Amino acid sequence: MDPKFQTSFIPKNPTLSQSKASTISIPGGNIFNTLAVTLFILTLLLIGVLFGYEMILNGKIDDANKQIIATKDSYQIDAIQNIIDANFRITSTKTILSNHVATSELFKLFQTLTVKKVRFNNFLFSNKGGIYTVVMDVEAQSYNALLQQYDTLLKSTDIQNPRFTGFDLTASGNVKSKLTASVDPNSVSYNKTMQTLFPNQ
């Protein structure tokens, strides 16, 4: 055997001991810790963003409230209330006038509708639920005159459903009766009368 050639099973470099080999860290072994820290940081950032957004919203709400108060102060509340009160009075007055009945217009109407040889007495006017009714005593010199009066009332658009009842003769021979009729509300409307008298108002 050649003396220069030697075989040996003993390694020339020292090997790692068992204790050192066990301390080598495996890459990625702490990934759960990393994820936990990352989620914690993200949560803190999100809380900070939400808090900042809330502060911004509160600031905008405060600014809006200040603008509302400033706008409210710029108006004259007393003047506005006076305008509202005046408008209420005007509206109430218009309502009263629109419902007001000008009975004097009825006298003018019957003055134009009364025929010769007929006269009316004991005028009675009533308003029941917006239905205007007139009742009067009638005296005519003859039945023909009374018939003529009836025809005249029938042709009128202001007098509706005229009826003569209770016919009788007076001591002088005249015919007496009682007239009952409905009246068109427009013919006794005070508001319409004012519009006729003052068309440009």
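The rules behind the values
- Residues numbered from 1 in each chain as written.
- Predicted model: local features only at pLDDT ≥ 70, side-chain atom pairs only at ≥ 80, totals over all residues.
- Heavy atoms only, no water.
- Buried < 20%, exposed > 50% of the residue type's maximum accessible area, 1.4 Å probe, protein only.
- Helix = DSSP H or I, 4+ residues; strand = E, 2+ residues; numbered from the N terminus.
- Arc of directions from axis to C-beta.
- Polar contact = N/O pair within 3.5 Å; in protein donor to acceptor, adjacent residues only side chain to side chain.
- Pairing = 2+ DSSP bridges.
- Phe/Tyr/Trp six-rings, centres within 6.5 Å; stacked < 30°, edge-to-face > 60°.
- Axes fitted to C-alpha atoms, helices over the stretch in contact; angles between N-to-C directions.
- Contact = heavy atoms within 4.5 Å.

### A look at helix H4 (residues 104-113)
Part 1 of the reasoning: Of all the positions in H4, only Glu-105, Leu-106, Leu-109, Phe-110 and Leu-113 are classed as buried. The arc that holds every buried residue of H4, seen down its axis, measures 130°, which confines them to one face. Projecting away from the buried face of H4 at angles above 90 degrees are the exposed residues Lys-108, Gln-111 and Thr-112.

### Some remarks on the side chain of Ser-156
Part 1 of the reasoning: Tracing the backbone through its elements, the reader meets Ser-156 in the loop between helix H5 (143-155) and strand E3 (159-169).
Part 2 of the reasoning: Only 3.2 Å separates the side chain of Ser-156 from the backbone nitrogen of Asp-158, close enough to count as a polar contact.

### A closer look at the pairing of E3
Part 1 of the reasoning: In this structure, E3 lies alongside strand E4 (residues 175-183), joined through 7 bridges in antiparallel fashion. When the sheet's bridge partners are listed, Gln-160 is paired in E4 with Ser-182.
Part 2 of the reasoning: A loop of 5 residues connects E3 with E4, the two strands running antiparallel in sequence, and Gly-173 in this loop sits at a positive phi of about 95°.

### What to know about the packing of aromatic side chains
Part 1 of the reasoning: Considering all chains together, one arrives at 4 aromatic pairs under this definition.
Part 2 of the reasoning: Taking the centre distance of 5.5 Å and the plane angle of 65° together, the rings of Phe-110 and Phe-120 count as edge-to-face. A residue pair is termed long-range when its members are at least 10 positions apart, and Phe-110 in helix H4 and Phe-120 in strand E1 (residues 118-128) qualify at 10 residues. Just as Phe-110 is buried, Phe-120 falls in that class too.
Part 3 of the reasoning: Taking 6.0 Å as the distance between ring centres and 65° as the angle between the ring planes, the aromatic pair formed by Tyr-150 and Phe-164 counts as edge-to-face. Highlighted residues: Tyr-150 in helix H5 and Phe-164 in strand E3, separated in sequence by 14 residues.
Part 4 of the reasoning: Residue Tyr-150 is classed as partly exposed on the basis of its relative accessible area of 30%.
Part 5 of the reasoning: Look at Phe-164 and you get buried, because its relative accessible area is 13%.

### A look at the sheet that holds strand E2 (residues 131-140)
Part 1 of the reasoning: On the basis of which strands lie adjacent, the open sheet formed by 4 strands has the order E1-E2-E4-E3 and antiparallel pairing. Sheet topology places E1 and E3 at the edges, where each strand pairs with a single neighbour. Between one strand axis and the next, the sheet turns through 15° on average, direction left out of account.
Part 2 of the reasoning: Note: E2 against E4, 9 bridges, orientation antiparallel. Along E4, the bridge assignment pairs Ala-140 with Val-175.
Part 3 of the reasoning: Across the sheet, H4 touches E1, E2, E3 and E4, and the angle it forms with E1 is around 145°.

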